[in-house]
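# Commentary on secondary and tertiary structure
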Amino acid sequence: MLVVASEIDRCIASHPETSFRYRNFEKMPYAAHMGFFKAFGLDFGRKPGEALGSRNYIPLTYFDSTVLKNTAAQQGLDVGDEIEAQSKRLSETLSGADSGEVFETLSYSIREIMRNVVEHAQVDRFGVCAQFWPTKGRAEVAIVDRGIGLRESIRANPHIDATTDKSAINYALMPAVSGKAFKGARRLAKRGPWTNSGFGLYMTSRICRMGGNFFISSGTTGMLLTSGKDGKRYYETSLNGTAVRMIIRTENLDSLTATLAKFREDGFAIQQKYKEIVSIDPSSASLMLSQDFDLNLWDKLLSNLRLK
């Protein structure tokens, strides 16, 4: 719903001379309740964010990056603190709890994707929508922005070749790869845990692959990550900006603290290897990602790269 509403809205804005008509929308009460139609200007159903949500869902809800930054500044906080507060509010609505592994995992995952948008997308407005099925042990979260896209963001890092959307997505999901944090970049003073280290997409994608899946699309390429040997597939897309869809199997969640510690440990180990080989070609980055962060295999790959 987020992507389709955004596409319709963009089409209308791009063709102001054209008259648009809609049919059969009266037969879609769920979409109307979720704020889908009013998201692109059709006066039917609720406004985005108007439905209160419940333990089962978060309707189409839009955030303004500038408002988030201003709200944080007024309180003397980093914008990351405001993003965390909003992600906890959304997670509490979705899970029906303010503590526990489901709440913590959803809050963390939503926070990291929202943070990526605010820090990298160069866009004001972005949307969030989610659904939780407690009896199925399944949560689905979508976040869409119409910003500069991953390729343009990653290209700011001079050490990597992100000339295509496919290579940019692979790099964006690698630990410690960022368009802002790289060797030689000017360091900005930031407080607390919000200094960007390029770990957000890496950590959330690994959480989702524990029985669920992670889909990301930017520009002409979409990537679906699942568990198992053939856990990566590509799709042709056409999206100005970036869309992320996370499916989390909540019955598979152990201690989030322990899980994140393991993933972070893997990530830092990989980051240390990057210091030896700063520039990793797109094909190697893609192969590394497809192996689901098997560090033993990475040692072999990196050894081969050193010999080239």
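Let us look at the structure shown here.

Reading the values: the criteria
- Residues numbered from 1 in each chain as written.
- Predicted model: local features only at pLDDT ≥ 70, side-chain atom pairs only at ≥ 80, totals over all residues.
- Heavy atoms only, no water.
- Helix = DSSP H or I, 4+ residues; strand = E, 2+ residues; numbered from the N terminus.
- Buried < 20%, exposed > 50% of the residue type's maximum accessible area, 1.4 Å probe, protein only.
- Contact = heavy atoms within 4.5 Å.
- Areas by Shrake-Rupley, 256 points an atom, 1.4 Å probe, with all protein chains shown as cover.
- Pairing = 2+ DSSP bridges.
- Axes fitted to C-alpha atoms, helices over the stretch in contact; angles between N-to-C directions.
- Phe/Tyr/Trp six-rings, centres within 6.5 Å; stacked < 30°, edge-to-face > 60°.
- Lys NZ or Arg CZ within 6 Å of the ring centre and 35° of its normal.
- Parallel < 35°, antiparallel > 145°, perpendicular 65-115°, else oblique.
- Left-handed = near helix turned anticlockwise from the far one by under 90°.
- Nonpolar A, V, L, I, M, F, W, Y, C, P; charged D, E, K, R; others polar.
- Polar contact = N/O pair within 3.5 Å; in protein donor to acceptor, adjacent residues only side chain to side chain.
- Core = buried A, V, L, I, M, F, W, Y, C linked by side-chain atoms within 4.5 Å.

## A short note on the overall build of the protein
The secondary structure content of the protein amounts to 12 helices and five strands. Here the protein holds 308 residues, and the buried ones make up 48% of them. Considering only residue pairs separated by 6 or more positions, the protein has 64% of its internal contacts joining residues 24 or more positions apart. Here the protein has roughly 15,400 Å² of accessible surface; of this, 50% comes from carbon and sulfur atoms.

## Remarks on the sheet that holds strand β2 (residues 125–133)
As summarised here, the arrangement of the five strands in space is β1-β2-β3-β5-β4, forming an open sheet in which the pairing is antiparallel. In this open sheet, the two strands that pair with only one neighbour each are β1 (57–64) and β4 (213–226). Across this sheet, the average inter-strand angle for adjacent strands is 15°, counted without regard to direction. The strands touched by helix α1 (residues 2–14) within the sheet are β1, β2, β3 (138–145) and β5 (232–249), with β5 carrying the most contacts at an inclination of about 160°. Packing of helix α4 (residues 65–74) onto the sheet brings it into contact with β1 and β2, and relative to β1 it is tilted by some 75°.

## Re the packing of aromatic side chains
Think of a pair of aromatic rings as described by two things: how far the centres are apart, and how the planes are tilted against each other in angle. Taken as a whole and assessed by the stated rule, the structure comprises nine aromatic pairs. Residues F36 and F40 carry aromatic rings whose centres are separated by 5.3 Å and whose planes lie at 75° to one another, so their mutual orientation is edge-to-face. Take F36 and F40: they sit in the same class, and that class is buried. An aromatic cluster of at least three residues, connected via ring pairs, comprises Y22, F25, F36, F37, F40 and F44. Positioned over the ring face of Y62 is R125, at 3.7 Å from the centre of the ring. Directly above the ring of Y234 sits K166, whose terminal nitrogen or CZ lies 4.3 Å from the centroid.

## Quick look at the packing of helix α5 (residues 79–95) against helix α6 (residues 101–120)
It is the contact of α5 with α6, at a shortest axis distance of 8 Å, that shows an interaxial angle of 140°. One element, α5, and the other, α6, form an angle in the oblique class. The handedness of the crossing between α5 and α6 is right-handed. Across the interface between the two elements, V79, I83, E84, Q86, S87, K88, L90, S91, E92, L94 and S95 of α5 pack against V102, F103, L106, S107, I110, R111, M114, R115 and V118 of α6. The residue makeup of the contact of α5 with α6, split by class, is 10 nonpolar, five polar and five charged.

## Some words on the pairing of β2
Of all nine residues in β2, seven are buried, a share of seventy percent or more. Pairing geometry for β1 and β2, over six bridges, is antiparallel. Bridge assignment links D64 to a residue of β2, and that residue is R125. Relative to β3, β2 is paired through eight bridges, and the arrangement is antiparallel. By the bridge assignment for β3, Q131 is matched with E140. Between β2 and β3, which pair antiparallel in sequence order, lie four residues; one of them, G137, sits at a positive phi of approximately 65°.

## Quick notes on the environment of E7
Turning to its location among the elements, E7 is positioned in helix α1. When its relative accessible area of 25% is taken as the criterion, E7 is described as partly exposed. Residues E7 and L239, spaced 232 residues apart in sequence, show a C-alpha to C-alpha distance of 8.5 Å. Once you skip the residues sitting within four places of it in the chain, E7 turns out to touch R146, S238 and L239. Side-chain polar atoms of E7 contact the side chain of R146, separated by 2.3 Å.

## Comments concerning the environment of D64
When you line up the elements, D64 lands in strand β1. Owing to a relative accessible area of 31%, D64 belongs among the partly exposed residues under this scheme. As a C-alpha pair, D64 and G127 span 63 residues in sequence and 9.0 Å in three-dimensional space. Within the structure, the side chain of D64 is placed 2.8 Å from the backbone nitrogen of T66, a separation counted as a polar contact.

## Some remarks on the environment of K47
Within the fold, K47 resides in the loop between α3 (36–39) and β1. When the C-alpha atoms of K47 and L60 are compared, they prove to be 8.5 Å apart, with 13 residues separating the residues in sequence.

## A look at the packing of α6 against helix α9 (residues 200–208)
Running from amino to carboxyl end, α6 crosses α9 at an angle of 145°, the nearest separation of the two axes being 9 Å. Judged by the twist between their axes, the crossing of α6 over α9 is left-handed. Every residue of α9 that contacts α6 at T105, Y108, S109, E112, I113 and N116 is listed here: G200, L201, M203, T204 and I207.

## As for the nonpolar core
In this structure, F126, F214 and I216 are the most contacted members of the largest nonpolar core, which totals 41 residues. The biggest single contributor to this core is α6, with six residues. Other than its neighbours up to four places away in sequence, F214 contacts L173, L201, T204, S205, C208, M223, L224, L225, V244, R245 and M246. Residues L2, A5, L239 and A243 belong to the second largest nonpolar core, which totals 19 residues.

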